[in-house]
Amino acid sequence: MQDENFVNGLIEFIKKSPTPFHAVQTMVEILEDAGFKRLSETDQWSVDKQPAGERCFVTRNDSSIIAFQMNQSLLEHGIRMLGAHTDSPCLKVKPNPEIINNHYLQLGVEVYGGALLNPWFDRDLSLAGRVSYLNENGQIDHQLIDFEKAIAVIPSLAIHLDREANENHSINKQEHIAPVLMKLPENSIDKDADFKKLLLKIVNAELEKYTTISNAAKILDYELSFYDVQAPAVVGLHDDFIASARLDNLLSCYTGLMALLDKEGKQNKLLVCNDHEEVGSVSAAGAQGPFLKSVLSRLCASEEELSRVIACSLMISADNAHGVHPNFADKHDANHGPIMNEGPVIKVNANQRYSSNSETGAMFKHLCDLADVPVQSFVVRSDMACGSTIGPITASEIGVRTVDVGVPTFAMHSIRELAGRWDAFYLYRVLKQYYN
Ligand SMILES: [Zn+2]
């Protein structure tokens, strides 16, 4: 695959994936097109232990996914694993969301994860996610929806009403960020302002596309989040950057998926993309839950075999890194400021906030050499707190040797982040090498 195609594919993937549910749905479509077989966690699996090229995937909560391909004996060769996460910081709609305020309809939102809130103001926002409903036959069912068009905005307060805005501006998460959806004829809830009625209409419009599924009669629950409708774009005088929402971490999900699909792989290979990384990974579908371990167990005949397989396996945890920002260069250790378009970054932390060690770091550097890709190192300033990712969580849950890597980015957790245009392709080449 060429860089041009790769970047366009990444942009399409992010556009189609406004929520973790949509990211998994998009990945499922790509996997099924490539001939991967869907497994269900509730069925008995008949995955051949040593098949040539058996390709399968399984999802959990519609928001986490594991895909794998067996090429040789698991016991002898273990499995090359790659981890990323499907979720990104965002604003999630509350259960009783309608707010009527001065003739405007707003929706109450909770902040999901460590969102950088300032960039959410004055954006054209749409809404997407999963809706659970009672159908006309009295059964509970679920449907993904996406309003697609801009339906809301969080307007800034004019500087004339807040003269200190450029010096001291703080955002109150309860008071200041409810998106405005419409101007109401009356200052009260009418049929237009009933959110569940609106959802019922949207869900049924979606269901009409499938003649076999009966209509929704009642909305029971939902997980919906706002997103920016501005499409991802290649930007910069010489097209050096990709600007987009959710680069953290859909960039790694897409890159890992493309590497997994590559036909040349001789290794047993697995991709796990978990939800809930941005809120600590503690959930049934998160990296601290049993999803990965359960899948690995089902591929092994016994506990002993599982332990032996894990002992000869490897995990690369891919999640974006902080590039050194030219306006804030003192936020980085002077010797460890990753530069965009100079290759993926190995993340190191003496206190194991990242899982890399000298053995796995050496393995990744060697892979970069083999793939002819430059590589960088990141260590947070010694006087600053270090972030974390699914790497150390997976390593401690499973006991597998792990390295934390990622491409350098700016504005992590903004509604529009920035990555180097070449780095995702560099990472793809290294991951392809890893799987091969
Ligand atoms: Zn991340």
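Before reading on, note that the structure itself is shown above.
Reading the values: the criteria
Residues numbered from 1 in each chain as written. Predicted model: local features only at pLDDT ≥ 70, side-chain atom pairs only at ≥ 80, totals over all residues. Heavy atoms only, no water. Helix = DSSP H or I, 4+ residues; strand = E, 2+ residues; numbered from the N terminus. Rg over C-alpha atoms; globule rule 2.2 N^0.38 Å. Buried < 20%, exposed > 50% of the residue type's maximum accessible area, 1.4 Å probe, protein only. Contact = heavy atoms within 4.5 Å. Donors = N, O, S within 2.8 Å, 3.2 Å for Na, K, Ca; no water. Tetrahedral: all angles 85-135°; square planar, octahedral: opposite > 155°, others 65-115°. Pairing = 2+ DSSP bridges. Phe/Tyr/Trp six-rings, centres within 6.5 Å; stacked < 30°, edge-to-face > 60°. Lys NZ or Arg CZ within 6 Å of the ring centre and 35° of its normal.

What follows is about the overall build of the chain. Of the regular secondary structure elements, the chain holds ten helices and 20 strands. Taking 2.2 N^0.38 as the reference for a compact globule, 436 residues should give roughly 22 Å; the C-alpha atoms of the chain span a radius of gyration of 23 Å, in line with that estimate. Once the C-alpha set of the chain is aligned to its principal axes, its extents read approximately 70 × 60 × 40 Å. Buried residues in the chain amount to 53% of all 436 residues. Of the contacts made within the chain by residues no fewer than 6 positions apart, 76% connect residues no fewer than 24 positions apart.

Moving on, we get to the coordination of the zinc ion. In the first shell of the zinc ion, the protein supplies His85 (NE2), Asp248 (OD), Asp319 (OD) and Asp319 (OD), at 1.9 to 2.5 Å from the metal. Around the zinc ion sit four donor atoms; with metal-centred angles ranging over 54 to 141 degrees, the donor geometry is irregular. One chain supplies every donor to the zinc ion, and in sequence these donors are spaced H-x162-D-x70-D. Taken together, the positions of aspartate 248 in helix H5 (residues 247-261) and aspartate 319 in the loop between strand S14 (314-318) and strand S15 (321-322) put the pair 71 residues apart, joining distant regions of the chain. Each member of the pair aspartate 248 and aspartate 319 is classed as buried.

This paragraph deals with the sheet that holds strand S19 (residues 408-410). In spatial order, the strands read S11-S12-S20-S19-S15; together these five strands make up an open sheet with mixed pairing. The outermost strands of the open sheet, each flanked by one partner alone, are strand S11 (233-235) and S15. As paired elements, S19 and strand S20 (residues 417-420) share two bridges and run antiparallel to each other. Across the sheet, residue threonine 409 finds its bridge partner in S20, namely alanine 419.

Attention now moves to the packing of aromatic side chains. Scanning all chains against the criterion turns up seven aromatic pairs. Ring geometry for phenylalanine 195 against tyrosine 222: centres 5.5 Å apart, planes inclined by 85 degrees, an arrangement best described as edge-to-face. With a gap of 27 residues between them, phenylalanine 195 in helix H4 (residues 195-207) and tyrosine 222 in strand S10 (residues 216-228) connect regions that are remote in the sequence. Both residues of the pair, phenylalanine 195 and tyrosine 222, count as buried. Through a chain of ring-to-ring contacts, three or more aromatic side chains come together here, namely Phe6, Phe13, Tyr254, Phe425 and Tyr428. Across the ring face of tryptophan 45, the terminal group of arginine 298 is positioned such that the distance to the ring centre comes to 4.0 Å. The side chain of arginine 421 reaches across the aromatic face of tryptophan 422, ending 5.4 Å from its centre.

Note: strand S5 (residues 90-101) against strand S6 (residues 104-112), eight bridges, orientation antiparallel. From the neighbouring strand, cysteine 90 faces S6, where its bridge partner is tyrosine 112. Here S5 folds back onto S6, and the loop between the two strands holds two residues, one of which, asparagine 102, carries a positive phi near 50 degrees. Of the pairings in the sheet, the one linking S6 to strand S9 (residues 180-183) comprises three bridges and is antiparallel in character. Each bridged residue has a counterpart across the sheet, and for glutamine 106 the counterpart in S9 is valine 180.

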